[in-house]
Amino acid sequence: MARPSTPRPPAQPDQRTGHDLLPVLPMTAEIKDGRLWIGGVDTVELAREAGTALYVMDETTIRHQLSEYVKWTRYHWKDVDVVYAGKAFLSLAMVRIVEEEDCCLLCASGGELAYAVRAGFPMERVQMHGNNKTPAELAECLDAGIGRVVVDNFEEMERLSALAAERGVTQKVLVRVTPGVEADTHDFIMTGAEDSKFGFGLNQGLAMEAVKRAVALPGLEFDGLHMHIGSQIFALHSYARAIEVMVAFMREIESETGHAVRMLDVGGGLGVAYGAPDEPSTVKDFGKVVVDGIKEECERHGIAVPRMAVEPGRSIVARAGVTLYTVGSVKEIPGIRTYVAVDGGMSDNIRTSLYDAHYEALIANKAEQPREMVGTIAGKHCESGDIVVRDAPLQCPEPGDVVCVAATGAYCQSMSSNYNKQVRPGVVFVRDGQWRWAVRRETYEDLLRTDEG
Ligand SMILES: *Cc1c(COP(=O)(O)O)cnc(C)c1O
């Protein structure tokens, strides 16, 4: 998934204050009375009232990002679906926002689909992907009546066909293709993605075989093609290259089978800034490269421009979210490093230990002060690798301070665990000076509920 992006220089106290960190904080973030405010809510007060660790999501930023995608894709072509990838962050409140912003929802499991069903999300706007959907999950898709299933292998196509036939229904499907373009923050490599657990490769004619099977199998309606080249992608040329490959394949399909490819879904993956050196492409540029790219390639090949879809996850929610923690202790090891221990850790943010991800942090109640020291924000779990931010420039920390880790809205809560029987933090949504629980904090009772004794 995420690759290390720009190499980082060794951390030093950087004198930056909360003001300087605004580019990686939610859009509504401001520094007032020396404190960090988000969505018109004082985060220090919020930490006191709601408790820590706590995920805080700024509704304004989420809605803005969704609407940017809608605007800058439909600016170039009328028929584009913006399909939010729920695996980045999902709750019922989030599902409702996706619906209100005129977007679709991408589910990666029956559990994610259950959220869409419970929220009353319009099922024709749901898309299901995954490389090994269970028979039960395929049945759930059909019973819910979702819009499209992205089929990933031959066995699954057979299973879905049989289940659809049993029910007397027809399911629209997209065939997932690995275009042989491996996305990278710096370059693309033309072979890597052949070796993927996802989808059908083009080289041995597998993708063409899959399309023919989708056309022929009863209960399936071949609707188009799907690709997803990676995540945390900064440069757009990998998309352009993959689109060339995909549109050439569309023409091949049309001439070989006589079937039109009505839909082309280019997946998600646009990168976000987690810190100062990160300079991802904008949604506006993404829209232009992808949508104009498809149009131009279709013109070149003399085929009709299809309906399109994009599937952003990270770039919708990453910047919208922060995590608040309370400092429990500060341990200075002279000449080595200073550990700032907080009341969370790898159970609420696994990305640092999993991907060596880097975050920016500040002390919310000292937001106006420069970050004069370098600390390592450590969690409370029984692992040395339990680090939230390694070597982070920080305001001088003291027990009781509220630490804010920026840009944790994507792939943190959704990847959280109960390691050490830690209860998962709650999620609050902030907007216009108000906050509300979107997901309440877990209790010990929640932990024990599934235990049969
Ligand atoms: C994960 C995923 C996405 C979203 O990726 P981001 O990097 O979060 O934008 C989109 N489509 C598919 C198929 C995915 O697996």
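Refer to the structure above for everything that follows.
Residues numbered from 1 in each chain as written. Predicted model: local features only at pLDDT ≥ 70, side-chain atom pairs only at ≥ 80, totals over all residues. Heavy atoms only, no water.

Caption draft 1: Main features of the site of the ligand. Around the ligand lies a shell of 15 residues, among which K87, S231, E311, R314 and Y411 are the nearest. Side-chain polar atom of S231 to an oxygen atom of the ligand: 2.4 Å apart, as the coordinates give it. When the ligand sits alone it has 390 Å² of accessible area, and the protein chains cover 96% of it. When its residues are assigned to classes, the shell around the ligand shows four nonpolar, seven polar and four charged. (Near = heavy atom within 4 Å. Polar contact = N/O pair within 3.5 Å; in protein donor to acceptor, adjacent residues only side chain to side chain. Areas by Shrake-Rupley, 256 points an atom, 1.4 Å probe, with all protein chains shown as cover. Nonpolar A, V, L, I, M, F, W, Y, C, P; charged D, E, K, R; others polar.)

Caption draft 2: Region of interest: the pattern of salt bridges. Within the structure shown, the criterion is met by 37 salt bridges. Close ionic contact of K133 with E156 constitutes a salt bridge, the shortest N to O distance being 2.8 Å. Taken together, the positions of K133 in the loop between β7 (126-128) and α5 (135-144) and E156 in helix α6 (residues 154-167) put the pair 23 residues apart, joining distant regions of the chain. Grouping residues by exposure puts K133 and E156 together as buried. (Salt bridge = Lys/Arg side-chain N within 4 Å of Asp/Glu carboxyl O. Helix = DSSP H or I, 4+ residues; strand = E, 2+ residues; numbered from the N terminus. Buried < 20%, exposed > 50% of the residue type's maximum accessible area, 1.4 Å probe, protein only.)

Caption draft 3: Examining the environment of Y274 more closely. Along the chain, the position of Y274 falls in the loop between β12 (263-265) and α9 (283-301). What makes Y274 buried here is its relative accessible area of 4%. Sequence separation between Y274 and H259 is 15 residues, and the spatial gap between their C-alpha atoms is 44 Å. Excluding its chain neighbours within four sequence positions, the residues that come into contact with Y274 are V24, Q232, R314, A318, R351, H358, Y359, E360 and A407. A polar side-chain atom of Y274 sits 2.8 Å from a polar atom in the side chain of R314. (Contact = heavy atoms within 4.5 Å.)

Caption draft 4: A look at the packing of aromatic side chains. Taken as a whole and judged by the stated rule, the model has seven aromatic pairs. Summarising the aromatic geometry, the rings of Y69 and F286 are spaced 5.7 Å apart at their centres and angled 70° between planes, so their arrangement reads as edge-to-face. Placement of Y69 in helix α2 (residues 59-74) and of F286 in helix α9 is noted, with a sequence separation of 217 residues between them. Taken together, a centroid distance of 5.4 Å and an interplanar angle of 80° make the contact between Y274 and Y359 edge-to-face. Placement of the pair is Y274 in the loop between β12 and α9 and Y359 in the loop between α11 (351-355) and β16 (361-363), with a sequence separation of 85 residues. (Phe/Tyr/Trp six-rings, centres within 6.5 Å; stacked < 30°, edge-to-face > 60°.)

Caption draft 5: Just the pairing of strand β20 (residues 426-431), in detail. Along β20, five of the six residues are buried, which leaves the element largely enclosed by surrounding structure. Pairing geometry for strand β4 (residues 54-58) and β20, over five bridges, is parallel. Bridge pairing in β20 places D58 opposite V430. Looking at chain direction, β20 and strand β21 (residues 434-439) are connected through five bridges and run antiparallel. Among the inter-strand pairings, V427 is bridged to a residue of β21, identified as V439. (Pairing = 2+ DSSP bridges.)

Caption draft 6: Here's a closer look at the nonpolar core. Residues I62, Y84, V175, L225 and V317 are the most contacted members of the largest nonpolar core, which totals 108 residues. For this core, the element with the most residues is helix α8 (residues 237-257), which contributes eight residues. Residues contacting L225, with those up to four places away along its chain left out, are L174, V175, V177, V211, M246, F249, M250, I253, V261, M263, L264 and D265. Counting residues in hydrophobic clusters, the runner-up holds 24 residues, among them A47, L362, A364 and V402. (Core = buried A, V, L, I, M, F, W, Y, C linked by side-chain atoms within 4.5 Å.)

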